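# Understanding the architecture of this molecule
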Amino acid sequence: MALSKGLLYGMGNPLLDMTAVVDEDYLKKYDLQPNNAILADDKHRSIYDELLNENYNVSYSPGGATQNTIRVAQWYLKEENATSFVGCIGQDTFGEKLKACMKKEGIRTNYLVDPKVPTGVCAVLITGGNRSLVTRLDAANEYKHTHLSHPLSGP
C-alpha cells in the first residue's frame, strides 16, 4: 500500500549535528563539561568552524528534537517522502549539508532560508564515553509563519 507523500509533518528547530571525537583539553579550551548540554555563548562560536576546517573527523547528521522524530518516522515507514519537515536555516555551508542529509534520508523539506543568519548547529563532542552538546540556534529561531504558504520540496 502506497503512503501519501508528507503523511507525517513536523515543524521545529532544524539543527545540523556535527559529531567529533575530541580530547579533554578541547573541552577545557572552551570551558565545557563532559556529559553536558548548553546553548553556545560568544566564547563557543569558533567551535563549529574549527571542527569544519581543522583535522577532525566530523560526521554530520540532522538534529533538533522534531527533525530527529521525523527521521525516525521516515526510517520506520521506509517510503520516500512519507514525512516532511519545515523550519528555518541559513544560506550557508551548514544549511546545504543539512538539506543534503535530509534528502538522502528521503524526507521532504521546506526550509525557510534566511540569508542574514547562519544555520543552527550542535557540536556533539565525544570524549571517551562522554558526550558534550554545544548548540547554536541562530536561524532555527527565525522561522516566520508566513512561510507556511510555500509548497514542500520533493516530488
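Scroll up for the structure.
Residues numbered from 1 in each chain as written. Predicted model: local features only at pLDDT ≥ 70, side-chain atom pairs only at ≥ 80, totals over all residues. Heavy atoms only, no water.

## So, the overall build of the protein chain
A count of helical and extended segments in the protein chain gives 4 helices and 8 strands. Along its sequence from the N terminus, the protein chain presents helices and strands in the succession β-β-α-β-α-β-α-β-α-β-β-β. Expressed along its principal axes, the backbone C-alpha trace of the protein chain runs to roughly 50 × 35 × 25 Å. Considering only contacts in the protein chain between residues 6 or more positions apart, those separated by 24 or more positions represent 75%. With an accessible surface of roughly 8500 Å², the protein chain has 52% of that area assigned to carbon and sulfur atoms. With 16 positive and 18 negative side-chain charges, the protein chain shows a spacing of 7 Å between the two charge centroids. (Helix = DSSP H or I, 4+ residues; strand = E, 2+ residues; numbered from the N terminus. Contact = heavy atoms within 4.5 Å. Areas by Shrake-Rupley, 256 points an atom, 1.4 Å probe, with all protein chains shown as cover. Lys, Arg positive; Asp, Glu negative; His and termini not counted. Charge placed at Lys NZ, Arg CZ, Asp CG, Glu CD.)

## Some points on helix α2 (residues 46-53)
Taken together, the buried positions of α2 are occupied by Ile 47, Tyr 48, Glu 50 and Leu 51. Projected down its long axis, α2 carries its buried residues within an arc of 165°, all on one side. Where the residues of α2 are buried, they touch β2 (15-21), α1 (24-29), α4 (93-104), β7 (121-127) and β8 (130-136). (Buried < 20%, exposed > 50% of the residue type's maximum accessible area, 1.4 Å probe, protein only. Arc of directions from axis to C-beta.)

## Focus on the sheet that holds strand β6 (residues 108-114)
An order of β1-β5-β6 is seen for the 3 strands of this open sheet, with the pairing classed as parallel. At either end of the open sheet lies a strand with only one pairing partner, and these are β1 (8-11) and β6. On average, each strand axis in the sheet is inclined to that of its neighbour by 15°, with strand direction left out of account. Two elements, strand β5 (residues 83-90) and β6, share 7 bridges in a ladder whose sense is parallel. Residue pairing across strands places Phe 85 opposite Thr 109, the latter belonging to β6. Along the sheet face, α4 touches β5 and β6 and points at about 175° away from the line of β5. (Pairing = 2+ DSSP bridges. Axes fitted to C-alpha atoms, helices over the stretch in contact; angles between N-to-C directions.)

## What about the pattern of salt bridges?
Taken as a whole and assessed by the stated rule, the structure comprises 7 salt bridges. Taking the shortest distance from any N to any O, the salt bridge between Lys 43 and Asp 31 comes out at 3.2 Å. Separated by 12 residues along the polypeptide, Lys 43 in the loop between β3 (37-39) and α2 and Asp 31 in the loop between α1 and β3 bring together distant segments of the chain. The exposure class assigned to Asp 31 is exposed, which follows from its relative accessible area of 52%. The partner of Glu 105 in a salt bridge is Arg 71, with the nearest N and O atoms 2.9 Å apart. (Salt bridge = Lys/Arg side-chain N within 4 Å of Asp/Glu carboxyl O.)

## Considering the nonpolar core
Residues Ile 47, Tyr 48, Leu 51 and Leu 125 are the most contacted members of the largest nonpolar core, which totals 24 residues. Ignoring anything within four residues of it in the chain, the contact list for Leu 51 reads Met 18, Ala 20, Tyr 26, Tyr 56, Val 58, Ala 123 and Leu 125. (Core = buried A, V, L, I, M, F, W, Y, C linked by side-chain atoms within 4.5 Å.)

## Side note on the state of the cysteines
Evaluation of the coordinates by the stated rule reveals 0 disulfides. You can see Cys 88 has no disulfide; the closest cysteine sulfur is in Cys 101, sitting 18 Å from it. Cysteine Cys 101 remains unbridged, with the sulfur of Cys 122 as its closest cysteine sulfur at 14 Å. Residue class for Cys 101 comes out buried when judged on its relative accessible area of 17%. (Disulfide = S-S within 2.5 Å.)

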